[in-house]
Amino acid sequence: MVSVQVTPSPVTGAAAARRRELGACLRAYRRLVEPASVGLPAGGRRRSQGLRREELASLSGVSLTWYTGLEQGRATASAQVLDAVGRVLRLDEVGRRHLRRLSVPEPPAVAPPAGYLRGLVGLLDSWPTSPAALLDHRLDVVDTNAAWARVWGDPAGYEPSRRHVVWLLAAASAPAGLLLAAARQFRMAADLHAGDPRIAEVGALLRADHPTLGLVWDCRGVGAFGHPVIDAAGEPATAHLLHPTGETEIAILVAAPARREV
């Protein structure tokens, strides 16, 4: 068992906010694990769903004091220990990587130069039949091509606060697989940029305007975007989330025609 001395966290600002989000994620994921699924006796009186803190700590090989500090944002952990906790929580590699990213300081996102963005807008226009949108690190929509406007509506028709890809896809009744994939990406972005006023604003708008997304938000569901196969205006397409800079401060969401079997 790992024994870690817990001391008040010296970090402040964005790093402290991420650490608090890490604790909130752990609490949410812990409640989703059925005790029987990890070899614990079913039944018995439990005040809440899922695993108890002491059970998760024991199964992960860490002390209860340390794990409690981790959930409360007062402790740090190595990637190896977080992976052990993540495996008990039945998280896949994407989920465990998310825990690792939340546990370490991370510089704030830096917007790419305007000239670079203009070049990406031109890239969107090179796909005349594939709906495509340029997104920032919050998944706010920077620009879209004409095909996006035809399939899911022109973002310019909505007030600026609602020009967020998850809000727009929900408003357009986009395919469930695409909407869920985008919502999971936003949940990860919201955790990583905890304390960002814009993130909080989008979360409030989604709750008010699209309450069915509340379940994904509340359970803090994260995961790889994958390649959702969707129907785009009657045509089969595969959605892709591309990061042309190699980082997450900018992304392109594009629905390309599905490959036809010969």
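Everything discussed here concerns the structure shown above.
Structural notes, computed from the coordinates. Keep in mind it's a predicted model, so treat the numbers as computed, not measured. (Residues numbered from 1 in each chain as written. Predicted model: local features only at pLDDT ≥ 70, side-chain atom pairs only at ≥ 80, totals over all residues. Heavy atoms only, no water.)

### Description of the packing of aromatic side chains
Thought 1: What the rule picks out here adds up to two aromatic pairs.
Thought 2: With a centroid separation of 4.9 Å and an interplanar angle of 70°, the aromatic rings of Trp148 and Trp152 are classed as edge-to-face. With Trp148 and Trp152 both in helix H7 (residues 146–152) and four residues apart, this pair spans about one turn of that helix. The same class applies to Trp148 and to Trp152, which are both buried.
Thought 3: Taken together, a centroid distance of 5.2 Å and an interplanar angle of 75° make the contact between Tyr158 and Trp167 edge-to-face.
Thought 4: Note on Trp167: relative accessible area 8%, which makes it buried. (Phe/Tyr/Trp six-rings, centres within 6.5 Å; stacked < 30°, edge-to-face > 60°. Helix = DSSP H or I, 4+ residues; strand = E, 2+ residues; numbered from the N terminus. Buried < 20%, exposed > 50% of the residue type's maximum accessible area, 1.4 Å probe, protein only.)

### Quick look at the sheet that holds strand E2 (residues 141–144)
Thought 1: Read across the open sheet, the five strands follow the order E2-E1-E5-E4-E3; overall the sheet is antiparallel. The sheet is open, and its two borders are formed by E2 and strand E3 (229–232), each paired with just one other strand. The mean angle between the axes of side-by-side strands here comes to 30°, regardless of whether they run parallel or antiparallel. (Pairing = 2+ DSSP bridges. Axes fitted to C-alpha atoms, helices over the stretch in contact; angles between N-to-C directions.)

### Here's the deal with helix H2 (residues 53–60)
Thought 1: When H2 is considered as a whole, its buried residues turn out to be Glu55, Leu56, Ala57 and Ser60.
Thought 2: On its buried face, H2 is in contact with helix H1 (13–31), helix H3 (64–71) and helix H4 (79–88).
Thought 3: Of the residues flanking the end of H2, it is Gly61, one or two places downstream, whose phi is positive at about 80°. (Contact = heavy atoms within 4.5 Å.)

### Let's talk about the pattern of salt bridges
Once their charged atoms are close, side chains differing in charge can pair, the charge on each being opposite to the other.
Thought 1: Counted by the stated rule, this structure contains 17 salt bridges.
Thought 2: Across the salt bridge formed by Arg187 and Glu21, the nearest N and O atoms sit 3.8 Å from each other. In this pair, Arg187 sits in helix H9 (residues 176–192) while Glu21 sits in helix H1, placing the two residues 166 residues apart along the sequence.
Thought 3: For Arg30, the salt bridge is made with Glu71, and the minimal N-O distance between the two is 2.8 Å. Note that Arg30 is positioned in helix H1 and Glu71 in helix H3, a separation of 41 residues in sequence. Like Arg30, the residue Glu71 is buried in the burial classification.
Thought 4: Three or more residues are tied together by salt bridges with common partners; here these are Glu21, Arg187, Asp191 and Arg220. (Salt bridge = Lys/Arg side-chain N within 4 Å of Asp/Glu carboxyl O.)

### What to know about empty space enclosed by the protein
Thought 1: Applying the stated criterion across every chain, the model contains two cavities of 30 Å³ or more.
Thought 2: Here the largest cavity defines a volume of roughly 90 Å³.
Thought 3: When residues of the lining of the largest cavity are traced back to their parent elements, those giving at least two are H9, helix H10 (197–209) and helix H11 (214–218).
Thought 4: Of the residues assigned to the lining of the largest cavity, the class counts are seven nonpolar, three polar and one charged. (1 Å grid on protein atoms, 1.4 Å probe; cavity = no way out; pocket = protein on both sides within 12 Å on 5 of 7 lines; lining within 4 Å. Points joined across faces, edges and corners; volume = space filled by probe spheres on them. Nonpolar A, V, L, I, M, F, W, Y, C, P; charged D, E, K, R; others polar.)

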